[in-house]
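# Geometric and topological summary
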Amino acid sequence: MKIAIAGAGAMGSRFGVKLQQAGNAVTLIDNWADHVRAIQTNGLVVTKDGHDTVIPMTAALPQDVHDTFDLIILFTKAMQMDHMLQELKAQLGNQPAVLVLANGIGNVETIERYVPKQNIVAGTTVWSSSLTGPGHITVTGSGSISLQAIVPDQFGDLDHIVETLNGAGLKASPAPDVLAAIWKKAGLNSVLNTYCTLFDCNIAEFGALPNWRELTAGVLDEFQAVATAANVAFDAQADTDLIAAQFAPDKNGEHYPSMHQDMANRRPTEIDFLNGYVAQLGQKLAVPAPNNALLTQLIHSQEALHGIA
Ligand code: NAD
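My aim in this report is to walk through the structure given alongside it, one point at a time. (Residues numbered from 1 in each chain as written. Predicted model: local features only at pLDDT ≥ 70, side-chain atom pairs only at ≥ 80, totals over all residues. Heavy atoms only, no water.)

## So, the pairing of strand β10 (residues 136-139)
A one-sided burial pattern is seen for β10, the buried positions being Ile-137 and Val-139 and the unburied ones His-136 and Thr-138. Here strand β3 (residues 44-48) runs beside β10; their pairing, made up of four bridges, is parallel. Looking at β10, one finds that Lys-48 is bridged to Val-139. One ladder, built from three bridges, connects strand β9 (residues 130-133) with β10; its direction is antiparallel. Bridge assignment links Leu-131 to a residue of β10, and that residue is Ile-137. Connecting the antiparallel pair β9 and β10 is a turn made up of two residues, with Gly-135 showing a positive phi of about 75°. (Buried < 20%, exposed > 50% of the residue type's maximum accessible area, 1.4 Å probe, protein only. Helix = DSSP H or I, 4+ residues; strand = E, 2+ residues; numbered from the N terminus. Pairing = 2+ DSSP bridges.)

What follows is the structure, given as structure tokens:
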């Protein structure tokens, strides 16, 4: 398959490597010029278990891409997606399938502004990766993907996409209700990412707080109310259990969530697509979500204090 990874940071690069190694023609498209140049010049360096492998890959800035693709996998951060889609208008004219696995709620709404609904596949993934520097990722462990076409009965050949992902060892499976899966992951991220960033702690340290349950309920009870009003399946108790399951050191306890890393690296966070999305949707649906609104303000204040635009 001819595949473009649009947004080839930590995750996009990891997926790109695996898909290329399985025999697909992969192009990494990214707006970070130093990163693109490093891959073009030296190949992508992948560090795993302390061992570096250099993988030659095709990489380009969006404006330098003239090819068309069967599949575009969008892996920007949520707030970079609109801009990336604008830059890929020519490639989107060819009607490729577009797959989005980025975190946050609202990505499908962004994509629908540029791509016919029947060409969009959305999902969630528990693969992980870190961008160590330009042209360099560090990867650990393995993961899986749940995905679903947005209009299941109108999407061309989802099986082919699932087979392509599985051929690359990405462990993809169709989800019966992808919107519920996206909200479930966003609920987890809106607790762990947001509090660990505000408290400057890792997941185990958050879990050791005597009031972690109250803090969690403050976020997820509002998720529950807004999801119900929006006709999205959401189970605050199941999300709380999922969060508690991350605390053990041999699970994700020692991990600093990506929002914490973004703040530490002075990069914008995805808060508007997590707590911020629920606060705004709550306002639209007349379902108050003051805790999520306040947490969004706190993260934006922290960004401002760090000079993050
Ligand atoms: P990332 O920050 O590594 O990359 C996203 C974009 O930001 C890329 O275009 C990248 O080139 C650019 N970027 C990163 N550092 C930069 C710098 N210093 N200067 C200029 N540009 C820079 O993002 P990611 O971690 O791959 O995440 C993509 C999506 O996947 C997000 O929605 C994220 O929440 C989600 N996700 C990430 C992980 C993970 O382990 N990283 C796991 C699951 C889901």
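## Re the sheet that holds β3
In spatial order, the strands read β4-β3-β10-β9; together these four strands make up an open sheet with mixed pairing. The open sheet has two free edges, formed respectively by β4 (51-55) and β9, since each of these has just one partner strand. The average undirected angle you get between the axes of adjacent strands in this sheet is 30°. Two elements, β3 and β4, share five bridges in a ladder whose sense is antiparallel. Along β4, the bridge assignment pairs Thr-47 with Asp-52. On the sheet, helix α1 (residues 10-21) packs against β3, β4, β9 and β10 and is oriented at approximately 85° with respect to β10. (Axes fitted to C-alpha atoms, helices over the stretch in contact; angles between N-to-C directions. Contact = heavy atoms within 4.5 Å.)

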